[in-house]
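Structural description and commentary
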Amino acid sequence: MTLPRMSVVMPVYNVEAYVEEAIRSVLDQSFTDFELIVVDDGGNDNSMALVRNFDDPRIRIVSQPNRGLPGARNTGIAHARAPYVALLDSDDRWNREKLMLHYIHLEANPDVGVSFSGSRLIDCDGNVLRVAMKPKLNAITARDILCRNPVGNGSAPVIRRTALDTVAFPHPEEAGRTCWFDESFRQSEDIELWVRMIARHNIRFDGIAGQLTDYRIIGGALSANVVQQYASWSRMMDALRRTAPELVAQFGDTARAYQLRYLARRCVQLGNGSLGHDFMRRAMRSDRRILVQEPIKSLTTWAAVHVARLAGPDRFRALARPYMKAAA
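Here goes a summary of the coordinates provided. (Residues numbered from 1 in each chain as written. Predicted model: local features only at pLDDT ≥ 70, side-chain atom pairs only at ≥ 80, totals over all residues. Heavy atoms only, no water.)

Things to note about unusual backbone geometry
Most peptide bonds take the trans configuration, and most residues that are not glycine carry a negative phi. Unlike most non-glycine residues, Ser-188 shows phi in positive territory, near 65°. By secondary structure assignment, the location of Ser-188 is in the loop between β10 (178–179) and α7 (189–201). Take Ser-188: its relative accessible area is 11%, and that puts it in the buried class. Within the chain, Asn-202 stands out as a residue other than glycine whose phi angle is a positive 55°. Checked against the element boundaries, Asn-202 lands in the loop between α7 and β11 (204–216). On the accessibility criterion, Asn-202 (69% relative accessible area) is exposed. (Helix = DSSP H or I, 4+ residues; strand = E, 2+ residues; numbered from the N terminus. Buried < 20%, exposed > 50% of the residue type's maximum accessible area, 1.4 Å probe, protein only.)

Now the structure itself:
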């Protein structure tokens, strides 16, 4: 049996509103030599019934009890058979040329372990927003990954299988189960893996031009989730102090400042100007150099949190929604 050249790993958990669109964006790829591994992560809505409506031999379904996103990705990677593994979250979608362009990039550059690209931002209805993720693409350093995460989101990378296997480790509690993502994290697991890859194993990250992923921003989040996200990110940094201590010692304060600024922008998007103001004050205390390094984004965030405090949540959310969601 001929093995596919690309494995696409798609975790599915309670995403019935979006999963069909995500799958179609894979099946419509101009690059056709792939398998799509859909990991049923134990949801309770109609998502998997919709998945099973697709009649394409390239789709493989793997079911498991709920493990969360890192655990579902690990299960998908464990079943992947191709030399390249692409990740797609089931509420996002891809440009038709994405897999082809990454395949060409990785084939032409055997020293690249992770190929990525920029992303457009879309709303819950699939409408393209006015902002986009346009990251640094070349000469990526461990500092870049830690502080700014140019990969951007979990639907952007295509990863060489040999690079993944370099960082694999046995599950600490389940014999025979292999991990690539650390399943103790429910958030920030991707940055932890990228830092581990580049800081400990010198795996090369390299981007290609274009916004080839549509990254969906789903409304309705609570401000409490932002606080939880910061707590998870802080736990991730604690883990990196053990695996990449020199990197964190040198750039940890800067990374924290950027993360707090990101969360301040998320607070603005949620209409919570007071919490956003608190995050921005913390960011400045952590490392004021972000004002020099990225003055426009830092100053506009300061202005936005102040306006959000004055305007009130509902009015400011309506004004800021198209502009403040590129929260990196």
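Notes on the pairing of strand β6 (residues 112–122)
Burial analysis of β6 places 10 of its 11 residues in the buried class, which makes it a mostly covered element. Sheet topology note: the β6/strand β8 (residues 158–160) ladder contains 2 bridges and is antiparallel. Bridging across to β8, Ser-115 finds its partner in Val-158. For β6 and strand β7 (residues 128–133), the ladder comprises 3 bridges, and the chain directions are antiparallel. By the bridge assignment, Arg-120 is partnered in β7 with Ala-132. In sequence, β6 turns back onto β7 through a hairpin of 5 residues, with Gly-126 there showing a positive phi of about 90°. (Pairing = 2+ DSSP bridges.)

Side note on the nonpolar core
Counting 62 residues, the largest nonpolar core has Leu-146, Trp-194, Val-195, Met-197, Phe-205, Met-237 and Phe-279 as its most contacted members. With 12 residues, helix α9 (residues 245–270) is the single largest residue contributor to this core. (Core = buried A, V, L, I, M, F, W, Y, C linked by side-chain atoms within 4.5 Å.)

Topic: the packing of α9 against helix α10 (residues 273–286)
Put simply, α9 and α10 touch, their axes get as near as 8 Å, and they point 165° apart. Accordingly, the angle class assigned to the pair α9 and α10 is roughly antiparallel. Of the two elements, α9 crosses α10, and the hand of that crossing is left-handed. Together, Asp-253, Arg-256, Ala-257, Leu-260, Arg-261, Leu-263, Ala-264 and Cys-267 of α9 and Leu-275, Gly-276, Phe-279, Met-280, Arg-282, Ala-283 and Ser-286 of α10 make up the contact between the two elements. A per-class count over the contact of α9 with α10 returns 9 nonpolar, 2 polar and 4 charged. (Axes fitted to C-alpha atoms, helices over the stretch in contact; angles between N-to-C directions. Parallel < 35°, antiparallel > 145°, perpendicular 65-115°, else oblique. Left-handed = near helix turned anticlockwise from the far one by under 90°. Contact = heavy atoms within 4.5 Å. Nonpolar A, V, L, I, M, F, W, Y, C, P; charged D, E, K, R; others polar.)

Describing the pattern of salt bridges
In a structure, side chains of opposite charge can pair up when their charged atoms sit close to one another. Taken as a whole and judged by the stated rule, the model has 25 salt bridges. Of the charged contacts in the structure, one is a salt bridge between Arg-120 and Asp-214, with a shortest N-O distance of 2.8 Å. With Arg-120 in strand β6 and Asp-214 in strand β11, this residue pair connects regions lying 94 residues apart in the sequence. Take Arg-120: its relative accessible area is 33%, and that puts it in the partly exposed class. Residue Asp-144 is joined to Lys-136 by a salt bridge in which the shortest nitrogen-to-oxygen separation is 2.8 Å. The class for Lys-136 is partly exposed, based on a relative accessible area of 42%. Taken together, the salt bridges that share partners define one network made up of Glu-21, Arg-93, Arg-120, Asp-214 and Arg-216. (Salt bridge = Lys/Arg side-chain N within 4 Å of Asp/Glu carboxyl O.)

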